[in-house]
Amino acid sequence: MSDKIHEIIAAYLAGECVLEEERQEVKRWLREHAGEKDIELLQGMFRSSRLMREKAVCRKEFVLERMEKEVQRRQRMRRIRWYYSGVAVVAVLLVGCVLIFGRSGLKPEDLDIPVDLVQKMNVSKVHLKLSTGEMIELDKYQGMMIREDSVQITNFDYMLKYSYDTVASTEVRYDTLVIPRGSEYSIVLADGTKVFLNASSEIYYPVVFPGDKREVGLKGEAYFEVAKDEHRPFFVQTGDVRIRVLGTSFNVTSYPEHEKIETTLEQGRIQITNGKELVDVVPGKQVVYDKKNSQFKMRSVDTKLYTSWKDGYYKFEQMTLEEIMETLSLWYDLNVFYVNAEVKSLEFTGRLRRYDRVEGLLRKFEQMNLVEFELNGRNVMIRKK
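Cut-offs applied
- Residues numbered from 1 in each chain as written.
- Predicted model: local features only at pLDDT ≥ 70, side-chain atom pairs only at ≥ 80, totals over all residues.
- Heavy atoms only, no water.
- Core = buried A, V, L, I, M, F, W, Y, C linked by side-chain atoms within 4.5 Å.
- Buried < 20%, exposed > 50% of the residue type's maximum accessible area, 1.4 Å probe, protein only.
- Helix = DSSP H or I, 4+ residues; strand = E, 2+ residues; numbered from the N terminus.
- Contact = heavy atoms within 4.5 Å.
- Pairing = 2+ DSSP bridges.
- Axes fitted to C-alpha atoms, helices over the stretch in contact; angles between N-to-C directions.
- Patch = residues over 30% accessible without salt bridge, like charges linked within 9 Å, V, L, I, M, F, W, Y side chains within 5 Å.
- Areas by Shrake-Rupley, 256 points an atom, 1.4 Å probe, with all protein chains shown as cover.
- Salt bridge = Lys/Arg side-chain N within 4 Å of Asp/Glu carboxyl O.
- Lys, Arg positive; Asp, Glu negative; His and termini not counted.
- Charge placed at Lys NZ, Arg CZ, Asp CG, Glu CD.
- pLDDT = per-residue confidence, 0-100.
- Parallel < 35°, antiparallel > 145°, perpendicular 65-115°, else oblique.
- Nonpolar A, V, L, I, M, F, W, Y, C, P; charged D, E, K, R; others polar.
- Phe/Tyr/Trp six-rings, centres within 6.5 Å; stacked < 30°, edge-to-face > 60°.
- Lys NZ or Arg CZ within 6 Å of the ring centre and 35° of its normal.

**Brief notes about the nonpolar core**
So, step 1. Counting 44 residues, the largest nonpolar core has L177, Y205, F224 and F250 as its most contacted members.
So, step 2. Residue contributions to this core peak at four residues, all from strand β12 (residues 214-225).
So, step 3. Apart from the residues within four sequence positions on either side, F250 is in contact with A222, Y223, F224, V226, V236, I243, V245, T263, T264, L265, E266 and I270.
So, step 4. Of all hydrophobic cores here, the second largest spans 27 residues; its members include F196, F316, W331 and V358.

Okay, here's the thing in structure tokens:
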């Protein structure tokens, strides 16, 4: 069985949201391998999981039992492989039993899931700085309308949405949305462009887009779904890099403290420049800009590794523990310390869900019997096991 099929099946049995094309891919694989050893059992598990979903029941006991059976079966068939190279290890992580209800509208009680297993998103420090200079704490304005002259700003379900009256001011005025560590937010700009902001990020944008171009500024990480407008190209300025778009979906990771800026394209076409070099990007490609030498490098990637965070989970493949913990430290506002430096190079493959409690996520890693975590408030101590 391929690693990809393994991953999809494990995620499905764990109660995670699986794309329809992934589910169909597994069904095709099961049909092609009908009659082989253990396939009938797996087909039954897959059908049972589907029936449970149709009844909107994803009970913890049901999922854990089947996850345990699946892990045991995989161990017997020796399908889990470990690769040792110095201190580098590739581990397959089976994670979670809670559906991604944060964005789907489902609640923990709807799925019979203990609420204490869910990490509540902290938006208490997310704030909007209006062009007037006024600072608004958005958690105090949930479900309310904010007005800025002729512009209406609705704030609902962790999303800002800008709209304006028939006649909008042609004056260029900028608002700034600031997302601290441990938070996230999204925004629909006045032109219809949707932007998902990850933790520790900031976006600077016009209240309306007058003139023949649309331009925003970004610090941190954001996923853009740009509204098409052939007459007004869309620009993202982040550090020394400027991205030109017509209408497309892409992710930008540009934290000031990082040495690189990563731009990953899912749909459409974009151009990236540092003022000296211009790079054309097509879907499935990622452009990495090295701040030190001011050079671009382009590579083919699985875009979900860089965009899945906006859907509430984090997919990673042969990624070091240090890189994974950098992401978790932003999501959960953690301070990470390593007792043994060599554990930073341990590599893992799997996926984690953003809305699980951090204690549960850390236990998933401990099940690999490679590292152990000591969590004290927002401080995490990691040591070799």
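**Concerning the sheet that holds strand β22 (residues 335-338)**
So, step 1. Pairing in this open sheet of three strands is mixed, and the strands run β22-β25-β24 from one edge to the other. Looking at strand neighbours, the two that pair on one side only are β22 and β24 (371-376), the edges of this open sheet. Here the strands of the sheet are splayed against their neighbours by 20° on average, with no regard to which way each runs.
So, step 2. Judged from the six bridges that link them, β24 and strand β25 (residues 379-384) form a sheet pairing that is antiparallel. By the bridge assignment for β25, N376 is matched with N379.
So, step 3. Against the sheet, helix α7 (residues 321-332) contacts β22, β24 and β25, and its axis sits at roughly 155° relative to β22.
So, step 4. Along the sheet, helix α8 (residues 358-366) makes contact with β24 and β25, crossing β24 at roughly 160°.

**Topic: a negative patch on the surface**
So, step 1. Negative charge collects at one region of the surface, where E257, E322, E323 and E326 lie side by side.
So, step 2. The residue E326 is located in helix α7 in this model.

**Thoughts on the confidence of the model for the protein chain**
So, step 1. Across the protein chain, the average pLDDT comes to 78, with 70% of residues at 70 or higher.
So, step 2. Predicted confidence for residues 48-65 stays below pLDDT 50, and this span has 27 contacts to residues more than four positions away or in other chains.
So, step 3. Overall, residues 75-89 carries pLDDT values under 50, and its contacts beyond four positions in sequence, including any with other chains, amount to 25 contacts.

**Here we look at the pattern of salt bridges**
So, step 1. For the structure shown, the criterion picks out 14 salt bridges.
So, step 2. Across the pair R181 and D333 runs a salt bridge whose closest N-O atoms are separated by 2.9 Å. Placement of the pair is R181 in the loop between β8 (174-179) and β9 (185-188) and D333 in the loop between α7 and β22, with a sequence separation of 152 residues.
So, step 3. Note on R181: relative accessible area 30%, which makes it partly exposed.
So, step 4. Taking the relative accessible area as the measure of exposure, D333 reaches 24% and is therefore partly exposed.
So, step 5. Where R242 meets E215, a salt bridge forms, and the shortest distance between an N and an O atom there is 2.4 Å. One end of the pair, R242, is in strand β14 (residues 241-245); the other, E215, is in strand β12, with 27 residues separating them in the sequence.
So, step 6. Assessed through its relative accessible area of 22%, R242 is described here as partly exposed.

**Examining the environment of V279**
So, step 1. With respect to the helices, strands and loops of the structure, V279 is situated in strand β18 (residues 278-281).
So, step 2. When the C-alpha positions of V279 and I243 are compared, they lie 9.6 Å apart, and in sequence the two are 36 residues distant.
So, step 3. If near-sequence neighbours (up to four positions away) are discounted, V279 is found in contact with I270, Q271, I272, V287, F296 and M298.

**As for the packing of α7 against α8**
So, step 1. Packing of α7 against α8 brings their axes to within 12 Å, and their N-to-C directions diverge by 170°. Judged by the inter-axis angle, α7 sits roughly antiparallel to α8. Contacts from L321, I324, M325, L328 and Y332 of α7 reach α8 at V358, L361, L362 and F365.
So, step 2. Residue composition of the contact of α7 with α8, by class: nine nonpolar, no polar and no charged.

**Thoughts on the packing of aromatic side chains**
So, step 1. Per the stated rule, a full pass over the model turns up 12 aromatic pairs.
So, step 2. Ring centres 5.1 Å apart and planes at 10° place the aromatic pair F224 and F250 in the stacked group. Highlighted residues: F224 in strand β12 and F250 in strand β15 (residues 249-254), separated in sequence by 26 residues.
So, step 3. Given the relative accessible area of 0%, F250 is considered buried.
So, step 4. Ring geometry for Y314 against W331: centres 5.8 Å apart, planes inclined by 65°, an arrangement best described as edge-to-face. Here Y314 is found in strand β21 (residues 313-320), whereas its partner W331 is found in helix α7, with 17 residues between them in sequence. Here the two residues Y314 and W331 agree in accessibility, since each one is buried.
So, step 5. What links up through ring pairs into an aromatic cluster is the set F209, F224, F234 and F250.
So, step 6. Between the NZ or CZ atom of K310 and the centre of the ring of F196, over which it lies, the distance is 5.5 Å.

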